[in-house]
Amino acid sequence: MKYFVGTYTNKVDRKGRVSLPSAFRDVLGNVSATHFYVFPSPTTDSLEAGSENLIDFIASSIEENAPMFSTEEQTLNYIMANARLINYDKTGRFVLPDELAEFANITDKARFVGNGNRFQIWQPDLHAQSFAGHREKFAKSGLTIKKPNGG
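Treat the numbers as computed from the prediction; the structure is a model and nothing was measured. (Residues numbered from 1 in each chain as written. Predicted model: local features only at pLDDT ≥ 70, side-chain atom pairs only at ≥ 80, totals over all residues. Heavy atoms only, no water.)

Asker: I'm lost on helix α3 (residues 71-82) in this one. Help?
Answerer: Three- or four-residue spacings in an α-helix give side chains the same orientation, since the helix completes a turn every 3.6 residues. The end-to-end C-alpha distance of α3, which contains 12 residues, comes to 17 Å, matching closely the 16 Å that a straight helix rising 1.5 Å per residue would cover. Residues of α3 that are buried: Glu73, Leu76 and Ile79. Here the buried residues of α3 occupy an arc of 120° about the axis, which is enough to place them on one side. Those residues of α3 that are exposed and aimed more than 90 degrees away from the buried face are Thr71, Gln74 and Ala81. Where α3 is buried, its residues touch β3 (35-40) and α2 (52-64). (Helix = DSSP H or I, 4+ residues; strand = E, 2+ residues; numbered from the N terminus. Expected span 1.5 Å × (residues − 1). Buried < 20%, exposed > 50% of the residue type's maximum accessible area, 1.4 Å probe, protein only. Arc of directions from axis to C-beta. Contact = heavy atoms within 4.5 Å.)

The following block contains the structure:
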């Protein structure tokens, strides 16, 4: 199984189109070669995205693991209600729906951040701020990590 790894920053054109990184398309190609799902993150100012496998996991978590009427079930329902199917062309270009771009403050650039079986889409400055906090934590622990590409 391939995973979403790495950090990539791509330009958003005047029509709101942006290219999904080819490394991410390669991972999606194993499952769905022309689309992915995206939804507002319930914990950050970013978007979460992934293949049908991610949506299947969320749906089965609601049915099998989340106690009925629990906060966990409400969060999973929020994700499913706000998820959008995004189609991309053979070059990886897609249009991010306005409400999702607005949620994540994405205008002229989008940063794609690998996260194993899913990926995030950030406004680059917001990601850099979030990442800086993580770098500080790692520095205090004695570990070091590099800045993301383009940041």
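Asker: Would you mind going over the nonpolar core with me for this structure?
Answerer: As a rule of thumb, soluble globular proteins bury nonpolar side chains together. Within the largest apolar cluster, 23 residues are counted, with the highest numbers of intra-cluster contacts made by Leu20, Phe36, Phe94, Ile106, Phe112 and Phe119. Only α1 (22-29), β3, β4 (47-50), α4 (98-103), β7 (109-115) and β8 (118-122) provide two or more residues apiece to this core. Counting residues per element, this core draws most heavily on α1, which supplies three residues. Contacts of Phe119, omitting those with residues within four sequence positions, involve Phe4, Leu20, Phe24, Phe36, Leu47, Glu48, Ala49, Gly50, Phe112, Val113 and Gly114. Listed in part, the 10 residues of the second largest apolar core include Ile55, Ala66, Ile79 and Ala83. (Core = buried A, V, L, I, M, F, W, Y, C linked by side-chain atoms within 4.5 Å.)

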